[in-house]
Amino acid sequence: MKQAERSMPSHASMGQFSVEDGELQVGGIRLSRLAARVGQTPFYAYDRRLLTQRVRELRAVLPASLRLHYAMKANPMPAVVGHLVGLVDGIDVASGGELKVALDAGADAREISLAGPGKRHSELRQAVAAGILVNLESFREITELAAISQATGYPARVAVRVNPDFELKSSGMKMGGGAKQFGVDAEQVPELLAAIRHHGLTFEGFHLFAGSQNLKPEAIVEAQSKSFELALRLARSAPSAVRFLNLGGGFGIPYFPGEQRLDLQPIGENLALLAQRAVHELPEAELVVELGRYLVGEAGIYVARIVDRKVSRGQIFLVTDGGLHHHLSASGNFGQIIRKNYPVAIGNKMLTAARETASVVGPLCTPLDLLADRMELSEAEAGDLVVVFQSGAYGMTASPQAFLGHPPCLEVVV
Ligand SMILES: *Cc1c(COP(=O)(O)O)cnc(C)c1O
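Residues numbered from 1 in each chain as written. Predicted model: local features only at pLDDT ≥ 70, side-chain atom pairs only at ≥ 80, totals over all residues. Heavy atoms only, no water.

A.B. asks: Break down the pattern of salt bridges for me, citing the residues and quoting the values.
C.D. replies: With the rule as written, the count across this model stands at 26 salt bridges. A salt bridge links Glu137 to Lys119; the shortest N-O distance between them is 3.5 Å. Remark: Lys119 occurs in the loop between strand S7 (112–114) and helix H6 (121–130) and Glu137 occurs in the loop between strand S8 (133–136) and helix H7 (139–152); sequence separation between them is 18 residues. Judged by relative accessible area, Glu137 falls into the buried class, the value being 7%. By relative accessible area, Lys119 is classed as buried at 3%. (Salt bridge = Lys/Arg side-chain N within 4 Å of Asp/Glu carboxyl O. Helix = DSSP H or I, 4+ residues; strand = E, 2+ residues; numbered from the N terminus. Buried < 20%, exposed > 50% of the residue type's maximum accessible area, 1.4 Å probe, protein only.)

A.B. asks: Could you give me a rundown of the domain arrangement of the chain, with the residues and numbers involved?
C.D. replies: Along its sequence, the chain is organised into domain 1 (6–47 + 298–413) and domain 2 (115–291). Each side of the interface is counted separately: domain 1 has eleven residues, and domain 2 has nine residues. Across the domain 1 to domain 2 interface the summed buried area is about 990 Å²; carbon plus sulfur atoms make up 59%. Remark: the boundary between domain 1 and domain 2 carries one salt bridge. Grouping the amino acids of the side of domain 1 that touches domain 2 by side-chain chemistry returns four nonpolar, five polar and two charged. (Domains from an automatic or database assignment. Contact = heavy atoms within 4.5 Å. Buried area = accessible area lost by both parts, 1.4 Å probe. Nonpolar A, V, L, I, M, F, W, Y, C, P; charged D, E, K, R; others polar.)

A.B. asks: Account for the pairing of strand S6 (residues 90–93), naming residues and giving values.
C.D. replies: Of the two faces of S6, both are covered, the one formed by Gly90 and Asp92 as well as the one formed by Ile91 and Val93. Strand direction decides the pairing type here: strand S5 (residues 67–71) and S6, joined by three bridges, are parallel. Considered in S6, the bridge of His69 is made with Gly90. Traced from S5 through helix H4 (residues 78–85) to S6, the parallel crossover comes out right-handed. Examined bridge by bridge, S6 and S7 share three bridges and lie parallel to one another. What sits directly across from Val93, in S7, is Leu114. (Pairing = 2+ DSSP bridges. Right-handed = clockwise from strand over helix to strand, strands pointing away.)

A.B. asks: Kindly report on helix H3 (residues 48–61), identifying the contributing residues and their values.
C.D. replies: Between its first and last C-alpha, H3 extends 21 Å over 14 residues, near the 20 Å set by a 1.5 Å rise per residue. Taken together, the buried positions of H3 are occupied by Leu50, Leu51, Thr52, Arg54, Val55 and Leu58. Each element contacted by the buried residues of H3 is listed here: S5, H4, strand S15 (286–291) and helix H11 (293–296). (Expected span 1.5 Å × (residues − 1).)

A.B. asks: Describe the pairing of S5, naming the residues involved and giving the relevant values.
C.D. replies: Every regular strand shows the same layout, with side chains that alternate between the two sheet faces. A large share of S5 lies buried, amounting to five of its five residues. Sheet topology note: the S5/S15 ladder contains four bridges and is parallel. Its bridge partner lying in S15, His69 is registered against Glu290.

In structure tokens form, the structure reads like this:
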């Protein structure tokens, strides 16, 4: 891998996969063989061992009492969720559909929570029947849950998702602070807590999620500390003791040239401090962090085959059978403001000396269908396999697969 790393100095993030005879290996299998095993390109492959390793590394720096949840919208493939269910302490779902996958995967209903604006009546009913925790995001959800609980006789377990009065600084995607569709504004929470008491719902805690894809430990530490303080203040108006305090996550992974891996040490130290304080200040509470991409993003690759090689006015285009319809994020169209290249390589020519500057594009009739914009790659031709790294999160299910009617891609866990 050393050689490959040398030839890709700008991307921090490919060293987790080994190379044998110039070919990338995933889960101990050579890429070309894996492609044959899958039976088609394009496909996503997720490395089981890397998923396990990431959770282990996290546990080593996070305080032992901290509960680690997987936010499964990052990668809801049932086999991935099934693997992680055995490693993490809980699963956070964002819909009735995800709830089904989590339960099918064997997740303990007591350790599942449901968040998201606009939970439909049917989803709330599913949640109550399953016995999972609902992170409340509006007053309407209280009255609906109370009615469902009354009609079914099952208790409605709730936490309050708080839209904090601060933001997660330097975050790729802000999801709290200011006016947001997520959660309930901190100022309205005392009134919401009174309504929970009035309707006899089972109050269990608070959920704060300030933002996503953050690579600055000091920003994450600040958001977690502020979330803790805010929860302490709000707990004074709570109908019963706080049992769960979900401090969110936001741990980012390096996607682009120049980005470094997140330094977990200061985050672990701060969480240890908060866990100690919780023993006295919120004695019945378990602290939770919920991570999506941090757990799965680096364990996954997207693989497409080169169909054509074209030169247009001096610029080389490698046209593949995959593109933005399977991997919107890598094309730069999933919320990115400035398009940057994900780490990309020719997976069956990792150590080839001959290099060239080429663009990797997909088959769609739009210039947005771009997987690599003028990158230095091994010289490639039709039949070679293009690999996009850092693709384990917000890949297939975050992409418009039906756009232009090309065949769907597959997913495998290796
Ligand atoms: C999407 C989401 C996450 C996961 O975000 P990542 O950036 O993938 O870690 C966690 N919590 C909530 C509430 C979310 O909506």
